[in-house]
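# A closer look at the structure
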Amino acid sequence: MIVWVGKKYENYYLNAYKNPHTFYEDIETCIKSEALYNFIINLRSRGIKMYCLSGMRFSFYLKTKQSFINKYYGDDIEVISTASQELKVDGIKIIQRLMIAISVIESNLKVIFDKTEKCLYNKDRK
């Protein structure tokens, strides 16, 4: 059952917290990106540990993000949250210290590099 009471943002985060496994199907429709999934498969085959760095207002949303990632991309990707989009840069620096290679994935990026500046993925490459 989806709860629709109170203010707009309270409803949003309440529903995310209470319905983490169905939130992206019932409330905020999201679909799996095949290009991103194929890229993840490539990284996984190379043994690269992956993280999803997500800016979010409340941790009420964390289980929902993790559930979506697990369902569509694999349960070996850990979701880490930041309080804002701006703090993602600091999050990347911390993750870099945890791993050998890091890939920054944003929906508006066409080329993805690892921390050694080696190109791992180029959307426009034929």
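This is a predicted model, so every value here is computed, not measured.

Procedures and definitions
- Sequence order as written defines the numbering, with residues in each chain counted from 1.
- Residue-level local features of this predicted model are given only where pLDDT is at least 70; pairs of side-chain atoms are given and counted only at 80 or more, and the full residue set underlies all totals for whole chains, interfaces and linings.
- Heavy atoms throughout the structure, all of them, feed into the side-chain values; hydrogens and water do not.
- Note that patches include only residues with greater than 30% relative accessible area and no salt bridge, and the join distances are 9 Å for like charges and 5 Å for nonpolar side chains (Val, Leu, Ile, Met, Phe, Trp, Tyr).
- Only the protein chains shown count as cover for residues, and all accessible areas are computed by the Shrake-Rupley method using a 1.4 Å probe.
- Throughout this description, the term salt bridge denotes a Lys or Arg side-chain nitrogen within 4 Å of a carboxyl oxygen of Asp or Glu.
- Secondary structure is summarised from DSSP: a helix means a run of H or I of at least four residues, a strand means a run of E of at least two, and numbering begins at the N terminus for each.
- Each residue's exposure class comes from its accessible area (1.4 Å probe, protein chains only) as a fraction of the maximum for that residue type: buried when under 20%, exposed when over 50%, partly exposed otherwise.
- Within this analysis, the arc is defined by the directions that extend from the helix axis to the C-beta atoms.
- Two residues qualify as a contact provided that any one of their heavy atoms is within 4.5 Å of a heavy atom in the partner residue.
- Values of pLDDT, which run from 0 to 100, indicate the predictor's confidence residue by residue.
- Aromatic rings from Phe, Tyr and Trp, taking only the six-membered ring of Trp, are treated as a pair when their centres fall within 6.5 Å; an angle between ring planes under 30 degrees marks them as stacked, one over 60 as edge-to-face, and anything in between as tilted.
- Should the NZ of a Lys or the CZ of an Arg lie within 6 Å of a ring centre and within 35 degrees of the ring normal, that charge is described as sitting over the ring.

## Focus: a nonpolar patch on the surface
Together, Tyr-17, Phe-58 and Phe-60 give the surface a local cluster of nonpolar side chains, amounting to about 300 Å² of exposed area. By the secondary structure assignment, Phe-60 is in the loop between β1 (50-55) and α4 (62-73).

## So, helix α5 (residues 88-98)
Taken as a whole, α5 has its buried residues at Lys-88, Gly-91 and Ile-95. Buried residues of α5 fall within an arc of 55° about the axis and therefore sit on the same side. Set apart from the buried face of α5 by more than 90 degrees, the exposed residues are Val-89, Ile-94 and Arg-97. The elements touched by buried residues of α5 are β1 and β2 (77-82).

## Some thoughts on the pattern of salt bridges
Following the criterion strictly, the structure yields three salt bridges and no others. Where Glu-25 meets Lys-71, a salt bridge forms, and the shortest distance between an N and an O atom there is 2.8 Å. Pair noted here: Glu-25 is in helix α2 (residues 23-26) and Lys-71 is in helix α4, with a separation of 46 residues, a long-range link. Among the ionic pairs, Arg-44 bridges to Asp-76, the shortest N-O distance being 2.7 Å. Here Asp-76 lies in the loop between α4 and β2 and Arg-44 lies in helix α3 (residues 34-45), a separation of 32 residues in the sequence. Look at Arg-44 and you get partly exposed, because its relative accessible area is 28%.

## Some words on the confidence of the model for the protein chain
Scored by pLDDT, the protein chain has a mean of 75; 71% of the residues are at 70 or more. The least confident element of the protein chain is strand β3 (residues 111-113), whose mean pLDDT is 44; the most confident is α4, at 92. This model gives residues 100-122 a pLDDT under 50, and the stretch forms 47 contacts once residues within four places in sequence are excluded.

## Details of the packing of aromatic side chains
In total, this model carries twelve aromatic pairs according to the counting rule given. Ring centres of Phe-23 and Tyr-24 lie 5.5 Å apart, and the angle between their planes is 80°; this geometry places the pair in the edge-to-face category. Accessibility classification places Phe-23 together with Tyr-24 in one group, the buried group. A centroid spacing of 5.9 Å and a plane angle of 85° characterise the contact between Phe-23 and Tyr-61, whose relative ring orientation is edge-to-face. Highlighted residues: Phe-23 in helix α2 and Tyr-61 in the loop between β1 and α4, separated in sequence by 38 residues. An aromatic cluster of three or more residues is present, and its members are Tyr-12, Tyr-13, Phe-23, Tyr-24, Tyr-37, Tyr-61, Phe-68, Tyr-72 and Tyr-73. One Lys or Arg, Lys-32, reaches over the ring of Tyr-37 and ends 3.8 Å from the middle of that ring. The ring of Tyr-51 carries Lys-49 above its face, with NZ or CZ at 5.0 Å from the centroid.

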